[in-house]
Amino acid sequence: CAAVYAQQSSAAPDAACTSTDSSLERARLLGMPQAIDTQNAEFENDSFWNEHGTLIQQAWREWEVEHATTLSDFDNDIKEQEWMDASLLEAIDDASANPSEESEAAVKSLWTNNSKGINDNQVMPKGVYATPLLSPRGIAYLRNLLELASESGIPTRRPNGMNRHGMILDSSVDGAVSVQQIVQKVEEIIDRIARPVGRM
């Protein structure tokens with residue numbers, strides 16, 4: 001029971017050999033593999049994530065139970081208010097209910113290559129368009145969820161070589177953050193915004 005991954009930042013004890021029955025505590029003992037690769041980083045430490053993927057998912061389930069009250073409070077705070085951008089949703093819903101060139105143009109008009117109104121300090125590359133997806137309350141809600149998850153101590157897999165501190169938000173990927181509230185919100189964005197816009 002002395003095996004340790006060479007990629008890990010510290011020599012953490014083997015989680016499978018600890019006496020605790022808590023998946024959360026065992027996952028915390030794994031330590032976080034170092035993020036080094038700059039190419040094909042989505043496959044970095046793949047054997048670590050494959051071996052411990054089930055344990056990490058179990059740890060997130062336990063973490064959700066442990067933070068049930070806080071997570072419920074976060075949900076209650078936005079229950080009565082739209083957390084995605086109301087103007088964008090209204091335009092998408094109208095284009096879906098009344099498809100026409102005019103209604104689709106109304107959706108497209110909300111996407112701009114001009115950074116003004118999106119982020120005054122951001123220069124948008126040629127051919128890249130942006131629009132606000134979330135309301136201010138929605139942004140605060142997701143930030144609170146992600147900050148809480150980032151403090152869990154559970155190892156999290158990064159999405160790619162350009163992002164050393166990001167998270168994968170998915171219930172089926174080994175090493176991803178599989179908190180149901182976060183995953184559901186990502187799926188809502190896909191269903192309400194990404195898919196309808198992609199069909200235009």
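Below is a summary of the structure that appears in this document.

So, how was this worked out
Residues numbered from 1 in each chain as written. Predicted model: local features only at pLDDT ≥ 70, side-chain atom pairs only at ≥ 80, totals over all residues. Heavy atoms only, no water. Axes fitted to C-alpha atoms, helices over the stretch in contact; angles between N-to-C directions. Helix = DSSP H or I, 4+ residues; strand = E, 2+ residues; numbered from the N terminus. Parallel < 35°, antiparallel > 145°, perpendicular 65-115°, else oblique. Left-handed = near helix turned anticlockwise from the far one by under 90°. Contact = heavy atoms within 4.5 Å. Phe/Tyr/Trp six-rings, centres within 6.5 Å; stacked < 30°, edge-to-face > 60°. Buried < 20%, exposed > 50% of the residue type's maximum accessible area, 1.4 Å probe, protein only. Polar contact = N/O pair within 3.5 Å; in protein donor to acceptor, adjacent residues only side chain to side chain.

**As for the packing of helix α4 (residues 86–97) against helix α7 (residues 180–198)**
Phase 1 of the analysis: The geometry of α4 relative to α7 is characterised by a closest axis approach of 10 Å and an angle of 50° between their N-to-C directions. Taken together, the axes of α4 and α7 lie oblique to each other. When the axes of α4 and α7 are compared, the crossing they make is left-handed. Contacts from Leu 88, Leu 89, Ile 92, Asp 93 and Ser 96 in α4 reach Arg 192, Ile 193, Pro 196 and Val 197 in α7.

**Quick look at the packing of aromatic side chains**
Phase 1 of the analysis: Tallying each qualifying case throughout the model produces two aromatic pairs.
Phase 2 of the analysis: Aromatic pair Phe 48 and Trp 49: ring centres 4.9 Å apart, planes at 90°, arrangement edge-to-face. Side by side, Phe 48 and Trp 49 carry an identical accessibility label, which is buried.
Phase 3 of the analysis: Between Trp 60 and Trp 63, the ring centres sit 5.4 Å apart and the planes meet at 80°, which makes this aromatic pair edge-to-face. With a gap of three residues between them, Trp 60 and Trp 63 both fall in helix α2 (residues 46–66), about one helical turn apart.
Phase 4 of the analysis: Trp 60 sits in the buried class, given a relative accessible area of 0%.
Phase 5 of the analysis: The buried category is assigned to Trp 63, whose relative accessible area is 1%.

**Quick look at the side chain of Arg 157**
Phase 1 of the analysis: Within the fold, Arg 157 resides in the loop between α6 (136–150) and α7.
Phase 2 of the analysis: With relative accessibility at 8%, the residue Arg 157 sits in the buried group.
Phase 3 of the analysis: A polar side-chain atom of Arg 157 sits 3.1 Å from the main-chain carbonyl oxygen of Asp 174.

**Points about the environment of Arg 137**
Phase 1 of the analysis: Looking at where Arg 137 falls in the secondary structure, it is placed in helix α6.
Phase 2 of the analysis: Since its relative accessible area comes to 31%, Arg 137 is described here as partly exposed.
Phase 3 of the analysis: Along the primary structure Arg 137 and Ile 78 are separated by 59 residues, whereas in three dimensions their C-alpha atoms are 7.2 Å apart.

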